[in-house]
Amino acid sequence: MSPQSFTSARRAVWFGPKAHRRLVAAIAGAALLALSACSGEATPAAPSASSEPPKVFTVGTSASISTLDPNKAVDQAQLQILNLIGGTLTVFNQDYSDVTPGLATSWKVSDDGLTYTFEIAPGLKFSDGSDLTAKDVAATLDWVINDKSSWNAGMVAHWKSAKQTGPSQVVLTLKTRQPSALSLLADPEIGTIMPAGKLGNEKFYVKPISAGPYMLKSFDPTNGNAALVLNPNWTGAKPAVPEIDFKYIQDSNTRGVQLKGGAIDLAENIPANTLTQFNGDVAGQVTAAFGGNFLIPNDKNGILTDSRIRRAVSMAIDRQQISDVIWASQAKPLYQFWPNTSKLSHPVLAEGVDIDGAKQLLVGTKCENGCELKFAFMAGQQSTEDLAALLTADLAKIGITFTPVHVEGGEMGTMQSDFSFTFISSGLYDYVDRADILLAQGLQSDGGTNALFSGYSSPQMDALIAKAISATGEERISLMQQINELFAQDMPLIPLVDWAFVNAKNVAASQWVTFEPTGWLRVATVG
């Protein structure tokens, strides 16, 4: 075979390395191929001419998923699958610096930045062979805008409506300017176009159809496993790998063992301090991203509604030790909301550990003479176990008993929805350095995830975010810094270290399916 590499891209992860959401869910890892129905080809290094692509490439994921509804997509595996099967109006270019046409052949933006008019490509088909038309595009975008229960509500809060205005024309109208709108349309959880008559049907999301290079062969919501095969109605370059499977393996050590044994080709979210165990035919990989890992307090109920306790906890944490022990120094300590990898980076917290300052902050609080703070997390994530041990030692120095508590996945979901936890942890990242996702998922009270499940709600912060998302140039930078400073004051989330994807891979198979900085897979094409 004479392969070419090919892509088009898209996007957000739980801590530990467990991954959730643009949010991340956290340490690391995701894999996604991003292609759209009219995407172009990229030219990264091609696989060895003497190698043969695998018939099946298997990804060992750290998250079990129960639906492929884009409006409920926050876990890494959900986003990966949607990006492989989904067709979007726009797609990212090779270096993710801009977008190019996908299902839309062209678009025009009004002078006031409030109206986007898209020309939809002719002859498009969904993976089942049915026509994909402007009606489906308008209906999908309208559904994204108006589903107030969507996890992604914050990202499209500035959008007003989507209407079909001609046989091949769709107009997206915004309430206020949002310079990143075209970029967001390339995200699988926002921009994936689906049949108008199926939107909102939960049964449909067990085996949804769209217009990407792959389609679902099978998906079992009871165990989160899925198999994807080539979409016969895909008109772009043909992917070289006929099938991509996603296999949920809860325990990170088991993922590593299965990789070494040849049962999987990519082990996601591997503890960084174990990467030296992978050599020869398998190799570890650390990929920096635009995001951070956070300790998440319950800002809505209980003892941590007192921001003084949250800030004291932050001051007592040895972030450098977390970086060294858990991340093998591959993730920098984080002293702000923005990741160190972002152009917005400007640390606003004092660096290092300040035990005396933390104790002083606790005076007059319910933790002045000691208290217990529980940390809930799911078993099987060694990095989270290690984090719990480090935090237990750190907080003991200021008289706080930090108690790790194992919970099951369903219980974790309940705790998040009814705010019955004290501390949990998660990561939060975006595909590119644009700020919108981090703000909507991490700090905005009505962004869809209750400020990364913390329950944080600040009218002042919401107002700053609304202004910042619409702003450009120096005004935008200034507003983003004000957000960073208010974050330091309120401490709704406790930053730990930068976000990075930490995976281990089969070296030969990964010549054909490579891991991207966006957390997606780039699949080589043939022809």
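Presented here is an overview of the structure given in this document. (Residues numbered from 1 in each chain as written. Predicted model: local features only at pLDDT ≥ 70, side-chain atom pairs only at ≥ 80, totals over all residues. Heavy atoms only, no water.)

Things to note about the overall build of the protein chain
Phase 1 of the analysis: A tally of regular secondary structure across the protein chain gives 13 helices and 21 strands.
Phase 2 of the analysis: At 22 Å, the protein chain has a C-alpha radius of gyration in line with the 24 Å of a compact globule built from 527 residues.
Phase 3 of the analysis: Residues classed as buried in the protein chain amount to 61% of the 527 residues present.
Phase 4 of the analysis: On the protein chain, roughly 18,300 Å² of surface is accessible, and the fraction owed to carbon and sulfur atoms is 50%.
Phase 5 of the analysis: For the protein chain, the separation between the mean place of its 39 positive charges and that of its 50 negative charges on side chains is 4 Å. (Helix = DSSP H or I, 4+ residues; strand = E, 2+ residues; numbered from the N terminus. Rg over C-alpha atoms; globule rule 2.2 N^0.38 Å. Buried < 20%, exposed > 50% of the residue type's maximum accessible area, 1.4 Å probe, protein only. Areas by Shrake-Rupley, 256 points an atom, 1.4 Å probe, with all protein chains shown as cover. Lys, Arg positive; Asp, Glu negative; His and termini not counted. Charge placed at Lys NZ, Arg CZ, Asp CG, Glu CD.)

Details of the environment of K238
Phase 1 of the analysis: Here K238 is to be found in strand β12 (residues 238–239).
Phase 2 of the analysis: The spacing of K238 and V523 is 285 residues in sequence and 9.5 Å in space, taken between C-alpha atoms.
Phase 3 of the analysis: Among residues more than four places away in sequence, those in contact with K238 are L230, A524, T525 and V526. (Contact = heavy atoms within 4.5 Å.)

What to know about the sheet that holds strand β8 (residues 159–166)
Phase 1 of the analysis: Here four strands make up an open sheet; going across it, the order is β6-β7-β9-β8 and the pairing antiparallel. On the outer flanks of this sheet lie β6 (104–109) and β8, each paired with one strand and no other. Geometrically, the sheet is characterised by an average inter-axis angle of 20° between neighbouring strands, direction not taken into account.
Phase 2 of the analysis: Pairing of strand β7 (residues 115–120) with strand β9 (residues 169–174) involves five bridges; the strand directions are antiparallel. By the bridge assignment for β9, E119 is matched with Q169.
Phase 3 of the analysis: Strand contacts of helix α2 (residues 134–146): β7, β8 and β9, with the helix running at about 170° to β8, the strand carrying the most contacts. (Pairing = 2+ DSSP bridges. Axes fitted to C-alpha atoms, helices over the stretch in contact; angles between N-to-C directions.)

Side note on the packing of helix α7 (residues 319–327) against helix α9 (residues 382–396)
Phase 1 of the analysis: As a packed pair, α7 and α9 sit with axes 10 Å apart at the nearest point and diverge in direction by 150°. Taken together, the axes of α7 and α9 are roughly antiparallel relative to one another. As for the relative orientation of α7 and α9, their crossing is right-handed in sense. Packed against α7, whose contacting residues are Q321, I322, V325 and I326, the element α9 presents S383, D386, L387, L390, L391 and D394 at the interface.
Phase 2 of the analysis: Grouping the amino acids of the contact of α7 with α9 by side-chain chemistry returns six nonpolar, two polar and two charged. (Parallel < 35°, antiparallel > 145°, perpendicular 65-115°, else oblique. Left-handed = near helix turned anticlockwise from the far one by under 90°. Nonpolar A, V, L, I, M, F, W, Y, C, P; charged D, E, K, R; others polar.)

With respect to the pattern of salt bridges
Phase 1 of the analysis: Taken as a whole and judged by the stated rule, the model has 10 salt bridges.
Phase 2 of the analysis: Between D187 and R434 there is a salt bridge; the shortest N-O distance is 2.4 Å. Residue D187 is found in the loop between α3 (181–184) and α4 (188–191), and its partner R434 is found in the loop between β18 (423–430) and α11 (436–442); the two are separated by 247 residues along the sequence. Of the two residues, D187 and R434, both sit in the buried class.
Phase 3 of the analysis: Residue D436 is joined to R476 by a salt bridge in which the shortest nitrogen-to-oxygen separation is 3.3 Å. Highlighted residues: D436 in helix α11 and R476 in helix α13 (residues 473–490), separated in sequence by 40 residues. Judged on exposure class, the residue D436 and its partner R476 are both buried.
Phase 4 of the analysis: Taken together, the shared-partner salt bridges in this structure form one network comprising D187, D430 and R434. (Salt bridge = Lys/Arg side-chain N within 4 Å of Asp/Glu carboxyl O.)

Points about the packing of helix α12 (residues 459–470) against α13
Phase 1 of the analysis: For the pair α12 and α13, interaxial distance at closest approach is 9 Å and the crossing angle is 160°. Our classification of the angle between α12 and α13 gives roughly antiparallel. Like other packed secondary-structure pairs, α12 and α13 cross with a definite hand, here left-handed. On α13, the residues that touch Q460, M461, L464, I465, K467, A468 and I469 of α12 are R476, L479, M480, Q482, I483, L486 and F487.
Phase 2 of the analysis: In the contact of α12 with α13, the residues fall into 10 nonpolar, two polar and two charged.

Re the side chain of D69
Phase 1 of the analysis: Assignment of secondary structure puts D69 in the loop between β3 (56–61) and α1 (76–85).
Phase 2 of the analysis: Although D69 is buried, it forms no salt bridge, and the closest oppositely charged side chain is K72 at an N-O distance of 4.5 Å.
Phase 3 of the analysis: Polar side-chain contacts of D69 include one of 2.9 Å to the backbone nitrogen of N71.
Phase 4 of the analysis: Setting aside its immediate chain neighbours within four residues, D69 contacts E202 and Y205. (Polar contact = N/O pair within 3.5 Å; in protein donor to acceptor, adjacent residues only side chain to side chain.)

Remarks on the packing of aromatic side chains
Phase 1 of the analysis: One pass over the structure, following the stated rule, counts 19 aromatic pairs.
Phase 2 of the analysis: Aromatic side chains F92 and Y96 sit 6.1 Å apart centroid to centroid with 65° between the ring planes, which places their arrangement in the edge-to-face category.
Phase 3 of the analysis: Overall, F92 belongs to the buried group, its relative accessible area being 4%.
Phase 4 of the analysis: Residue classification places Y96 among the buried residues on the basis of a relative accessible area of 13%.
Phase 5 of the analysis: When the ring of Y116 is compared with that of F118, the centres are 6.5 Å apart and the planes differ by 15°; the resulting orientation is stacked.
Phase 6 of the analysis: The class for Y116 is buried, based on a relative accessible area of 5%.
Phase 7 of the analysis: The exposure class assigned to F118 is buried, which follows from its relative accessible area of 0%.
Phase 8 of the analysis: A network of ring pairs unites the aromatic residues F92, Y96, Y429, Y431, W499, F501, F515 and W520 as a single cluster. (Phe/Tyr/Trp six-rings, centres within 6.5 Å; stacked < 30°, edge-to-face > 60°.)

Notes on the pairing of strand β17 (residues 400–407)
Phase 1 of the analysis: Direction of pairing for strand β16 (residues 371–378) relative to β17: parallel, over a ladder of eight bridges. Paired with A376 across the two strands is V405, which belongs to β17.
Phase 2 of the analysis: Crossover handedness for the path β16 to α9 to β17: right-handed. (Right-handed = clockwise from strand over helix to strand, strands pointing away.)

Things to note about α9
Phase 1 of the analysis: With 15 residues, α9 should reach 21 Å at 1.5 Å per residue; the first-to-last C-alpha distance of 21 Å fits that figure.
Phase 2 of the analysis: Within α9, the full set of buried residues consists of S383, T384, D386, L387, A388, L390, L391, D394 and L395. (Expected span 1.5 Å × (residues − 1).)

Structural notes on unusual backbone geometry
Phase 1 of the analysis: Unusually for a residue other than glycine, A328 sits at a positive phi of about 50°.
Phase 2 of the analysis: Inspection of the secondary structure assignment puts A328 in the loop between α7 and α8 (355–362).
Phase 3 of the analysis: Residue classification places A328 among the partly exposed residues on the basis of a relative accessible area of 32%.
Phase 4 of the analysis: Backbone geometry at A451 places phi at a positive 55°, although glycine is not the residue there.
Phase 5 of the analysis: Locating A451 in the fold gives a position in the loop between α11 and α12.
Phase 6 of the analysis: A relative accessible area of 0% places A451 in the buried class.

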